[in-house]
Every structure is written in structure tokens, then in C-alpha cells.
Amino acid sequence: MHKFLTALAWVLATAAAPAWAAPDASEQAQYDSFVVAAGESNGAARACGASEPDLAQHQATAHKNLARYAKEYGFSAASYDALFQKGLAEGKTMMDDMKRSGVDGCRGVLGSFQNERAISYDDMKSALAEVSDGLPGEEAQ
């Protein structure tokens, strides 16, 4: 009976564990870049005059979706807040630089931002898979 219970516990534990290996450093760096990009989008939209409620919704949606993605694929989200803040600053700087050079990128930024602020987890995951040649643990497309 003890052997059966031990075997059953092992089966249940391994069935709940992800089927892929823990992410390597380059995969973690890619996840981190997704967090920075979410912050950049928010910072750029702020520089373009997006409303505070929209900025807050975008930030909450990004956090919820990227935290779920991290949990699903075994990424560390320990630096999430710092990376998002870094992205906020970079997005604002990017838009300020564009404005100084006479380029108004706000229309495109705000269009993307409006889509991202309410994006579903599955749609975000599909977008990340598209820009990164698949999901973690999958063969490159």
C-alpha cells in the first residue's frame, strides 16, 4: 500500500508539473524584455496624453497577463516592477525624442495601446509567440 501511495503521489506531482524544462537565461531575458516592452508602451502612451484610467487599465492588464505567463512557463517575475518602471522611462524618452525630431508617432502608439489595455491572455500569448518564434518549450516556427 505504501508503494502504491508513493507511486500515486509521484504521478500526481509530475502530472501537475510543466512538461518543459525550466527556462534558460536567454528565455528569461526574453520574458524580461516583454515586461520592459509593456512598460514602454505605457510610458509612450502617457507621453502622448493617454488618460489615467486607460494607463491604469493597461498596467493592470499587462501585469495580470505577464504574471500568468511567467507562472505558466516558469519565468521569474521577481523583477517585474523594476522592469516595467524601466520601460515606462524608456517609452517616454522615445516619444520625447521623436517629438524633438519632428516625428509624431502618437497616433500609432495610442492605437496599439488601446488594443493592449484590454487584451486577453490568449491574445497576448499569441502575440508573444508570433514575435518570439513560438512559445517556450516549442520548436521555432
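Overview of the structure. (Residues numbered from 1 in each chain as written. Predicted model: local features only at pLDDT ≥ 70, side-chain atom pairs only at ≥ 80, totals over all residues. Heavy atoms only, no water.)

### Quick look at the packing of aromatic side chains
Part 1: Using the criterion set out here, one finds six aromatic pairs in the structure.
Part 2: Taken together, a centroid distance of 6.3 Å and an interplanar angle of 10° make the contact between Tyr31 and Tyr69 stacked. Of the two residues, Tyr31 is situated in helix 2 (residues 25–47) and Tyr69 in helix 3 (residues 52–73); the sequence distance between them amounts to 38 residues. Here the two residues Tyr31 and Tyr69 agree in accessibility, since each one is buried.
Part 3: Taken together, a centroid distance of 6.4 Å and an interplanar angle of 70° make the contact between Phe34 and Tyr69 edge-to-face. Placement of Phe34 in helix 2 and of Tyr69 in helix 3 is noted, with a sequence separation of 35 residues between them.
Part 4: Assessed through its relative accessible area of 11%, Phe34 is described here as buried.
Part 5: Chaining the aromatic ring pairs together yields one cluster made of Tyr31, Phe34, Tyr69, Tyr73 and Phe75. (Phe/Tyr/Trp six-rings, centres within 6.5 Å; stacked < 30°, edge-to-face > 60°. Helix = DSSP H or I, 4+ residues; strand = E, 2+ residues; numbered from the N terminus. Buried < 20%, exposed > 50% of the residue type's maximum accessible area, 1.4 Å probe, protein only.)

### Observations concerning unusual backbone geometry
Part 1: With phi around 60°, Asp133 is a residue other than glycine that occupies positive phi space.
Part 2: The residue Asp133 is located in the segment after helix 6 (121–131) in this model.
Part 3: With relative accessibility at 47%, the residue Asp133 sits in the partly exposed group.

### Here we look at the layout of surface pockets
Part 1: Approximately 360 Å³ is the volume found for the largest pocket.
Part 2: Every element with two or more residues in the lining of the largest pocket is listed here: helix 2, helix 3 and helix 6.
Part 3: Across the lining of the largest pocket, the residue classes tally to 10 nonpolar, three polar and one charged. (1 Å grid on protein atoms, 1.4 Å probe; cavity = no way out; pocket = protein on both sides within 12 Å on 5 of 7 lines; lining within 4 Å. Points joined across faces, edges and corners; volume = space filled by probe spheres on them. Nonpolar A, V, L, I, M, F, W, Y, C, P; charged D, E, K, R; others polar.)

### So, the packing of helix 3 against helix 5 (residues 106–116)
When two helices pack together, you describe them by how their axes are tilted relative to each other and by the distance separating the axes.
Part 1: Contact geometry for helix 3 and helix 5: axes closest at 9 Å, N-to-C directions at 55°. In terms of orientation, helix 3 lies oblique with respect to helix 5. Our pair here, helix 3 against helix 5, has a crossing hand that is left-handed. Within the contact between the two elements, helix 3 uses Asp54, Leu55, His58 and Thr61 and helix 5 uses Phe113, Gln114 and Glu116.
Part 2: Here the contact of helix 3 with helix 5 is composed, by residue class, of two nonpolar, three polar and two charged. (Axes fitted to C-alpha atoms, helices over the stretch in contact; angles between N-to-C directions. Parallel < 35°, antiparallel > 145°, perpendicular 65-115°, else oblique. Left-handed = near helix turned anticlockwise from the far one by under 90°. Contact = heavy atoms within 4.5 Å.)

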